[in-house]
Amino acid sequence: MRTSNRRWASRVYLRALSLVDFRSYPSLDLTLTPGVVVLRGANGEGKTNLVEAIRFAGTQDSHRVASTAPLVRDGADRAVIRVVVVREDREARVELELTPGKATRARINGGPLPRAREALGLLRTVLFAPEDLALVKGDPAERRGFLDDLLVARAPRYAGVRADYERVLRQRATLLKSAGSAGRVARRGGDLGTLDVWDGHLARFGSELLVARLELVEALRPLVDKAYAAVAGTGPGVALSYRSTVAGSRREEVAEAMRAEMTRLRVAEVERGVCLVGPHRDDLLLSLGPLPARGYASQGESWSLALALRLASYELLRGDGGEPVLLLDDVFAELDSTRRRRLAELVASAEQVILTAAVGADVPRFDAVAAHDVAAGTVRRVN
Amino acid sequence: MYEGAVQDLIDELGRLPGVGPKSAQRIAFHLLAANPADVRRLVDALTQVKEKVRFCRVCGNVAEAEECRICRDPRRDQASICVVEESKDVVAIEKTREFRGRYHVLGGAISPIEGIGPDDLRIRELLARLQDGAVTEVILATDPNLEGEATATYLARLLGPLRLRVTRLASGLPVGGDLEYADEVTLGRAFEGRRLLEA
């Protein structure tokens, strides 16, 4: 992560965060500085809510919940997140309005956008949180989500590809279920005909997503290995491999393979009423030395690996141009002193790091820190 | 919550597409304050639309007779049929005055999630219209979204063996727009559908 020579080449940081009726905050105005920002407070005082709001401003989704309803303060109709992003000395004001049950609305510098999606990518963040242990120990869905989120952060276009793919998947799964339960596929040509149509769409969007993931894994591979070595010191090398339901690495090839596999598994798909082929069944396999990380890695190794995945994402986004803001939510508490020190060294070179810590928790010493106290819905600068 | 009739009206209005609770409340109070004659006209219009309007026997478009105005018009080209999802799409295409053929309204698009399969659309009626060989071109003008595309693909395969010209409306850049403002999906489609310029 040593990049002092290009540190000022494409500086991006968050200068301000304002919240209205977001989670526990009726209203908040917070001024932020580049460098290390520490948000300190007792548990349950709303530190993670701040990190969640910042991440939401970049990705328009929460790392904790799937819908926007829990993000709106109890009793309020909607929540507003406003951030000021400084990019090469130019400021952009991004405002997001979250209304449960409705699409999020976005404004940039006061001007409304036709689709909130167009504000994606203006603020890029990489968040490392205690939940990330699931990247190593959890289900494949966690790792697929990791890859897809990173794809969208690199190229917002993939938000559309991902949404289209998920929609085709739902349409096709519903068709399979109804066809299976009524025995209609066997009996009538009509439904079989539409299944072919959905096969085609699934292969089209699925191949686009899958090929993008494969390229992403290639790009991440050396970075994860390097980040793991940096966090854990020495140790077995990290290997990443992508396990897919189909072979191939070019789009046409993958699409063709998906169609062929769907034809082969047709009976099983109809019987079970689920789509058995496509990137939604894939996994990113992580191993340390010769052993798979899931089930074999120790707690410390799992933490290091999860952290390495996030730091590698950070490096990748940084390499694309425009530094992401690094968010560390209560992670120093989870690491032993050696790893804590190494992480502190790594993040000291970041343009902006916003980290949370419980009162009394061990936080490494940084040269220049903007410290804030978080208590009862207020945030106060203390130095 | 309001009392009795007012709340009933708000609830009914709120069930209409595109009307949220706030708008429903606004419309309800507008009607309360309005001239009784104006409200009567609205009531009549609503009653008439359910009593008089039916669907064209041939194309499925809204009509006030057995057949709609377009199907009855002898000047219309009998050789081409434009297939759309809803009656409102007919109105949209008619405004262009580009198309002189006739229409076929499917009544929706294939969407398993909503329980709509090919049998729920007016596809059998479309095939019946193509039987006598008078029609030589079918233009698929379903919406350019996932379900519309799926419906178009399905129809294209179904019509394949019939020796017709089956075309799909182009999708791409808006006229009078700037390239830089087009979203990636639209721009990508425009690339896919690019055509040779005749010098």
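Residues numbered from 1 in each chain as written. Chains lettered and ligands numbered in written order. Predicted model: local features only at pLDDT ≥ 70, side-chain atom pairs only at ≥ 80, totals over all residues.

Visitor: So what's going on with the interface of chain A and chain B? Which residues, and what values?
Guide: At the interface, 18 residues of chain A touch 15 residues of chain B. Mapped by element, the contributors of at least two residues to the side of chain A that touches chain B are helix H4 (157–182) and helix H6 (189–232) of chain A. Among the elements that take part in the side of chain A that touches chain B, H4 of chain A stands out by supplying ten residues, more than any other. (Contact = placed C-beta atoms within 7 Å. Helix = DSSP H or I, 4+ residues; strand = E, 2+ residues; numbered from the N terminus.)

Visitor: Please set out the sheet that holds strand S14 (residues 369–375) of chain A residue by residue, giving values where relevant.
Guide: All names here are of chain A. Pairing is mixed in the open sheet, where six strands are placed in the order S8-S12-S13-S3-S14-S15. Of all strands in the sheet, those bounded by a partner on one side alone are strand S8 (125–128) and strand S15 (378–381). When the angles between neighbouring strand axes are averaged without regard to direction, this sheet yields 20 degrees. Pairing geometry for strand S12 (residues 325–329) and strand S13 (residues 352–358), over four bridges, is parallel. Looking at S13, one finds that Leu327 is bridged to Ile354. In the packing of helix H10 (residues 299–319) onto the sheet, contacts are made with S8 and S12, and the angle to S8 comes to roughly 170 degrees. (Pairing = 2+ DSSP bridges. Axes fitted to C-alpha atoms, helices over the stretch in contact; angles between N-to-C directions.)

Visitor: Hey, could you go over the pairing of strand S5 (residues 90–98) of chain A for me, with residue numbers and the actual values?
Guide: Regular strands place their side chains on alternate faces of the sheet. Residue and element names in this part refer to chain A. As paired elements, strand S4 (residues 79–87) and S5 share nine bridges and run antiparallel to each other. When the bridges of S5 are listed, Ile81 appears paired with Leu96. Taking the residues that link successive antiparallel strands as the turn, the S4-S5 hairpin has two residues, and the phi of Glu88 there is positive, at about 50 degrees. Bridging between S5 and strand S6 (residues 105–108) involves four bridges; their strand directions are antiparallel. Its bridge partner lying in S6, Val94 is registered against Ile108. Joining the antiparallel neighbours S5 and S6 is a turn of six residues, in which Gly101 adopts a positive phi near 80 degrees.

Visitor: Residue-level account of the sheet that holds strand S9 (residues 238–243) of chain A, with values.
Guide: Residue and element names in this part refer to chain A. One open sheet holds the three strands; their spatial order is S9-S10-S11, and the pairing between them is antiparallel. Each edge of the sheet is formed by a strand with only one pairing partner; in this case those strands are S9 and strand S11 (291–292). The sheet contact formed by strand S10 (residues 283–288) and S11 spans two bridges and is antiparallel. Across the sheet, Ser287 pairs through a bridge with Pro292, a residue of S11.

Visitor: Please set out the environment of Val12 of chain A residue by residue, giving values where relevant.
Guide: Turning to its location among the elements, Val12 of chain A is positioned in strand S1 (residues 12–22). In contact with Val12 of chain A, not counting residues within four places along its chain, are Val85, Val86, Arg87, Gly322, Glu323 and Glu351 of chain A.

Visitor: Just give me the short version of the confidence of the model for chain B, but keep the residues and values in it.
Guide: For chain B, the mean per-residue pLDDT works out to 89, and 100% of the residues sit at or above 70. Under the prediction, the complex receives an ipTM of 0.72, its pTM being 0.82. (pLDDT = per-residue confidence, 0-100.)

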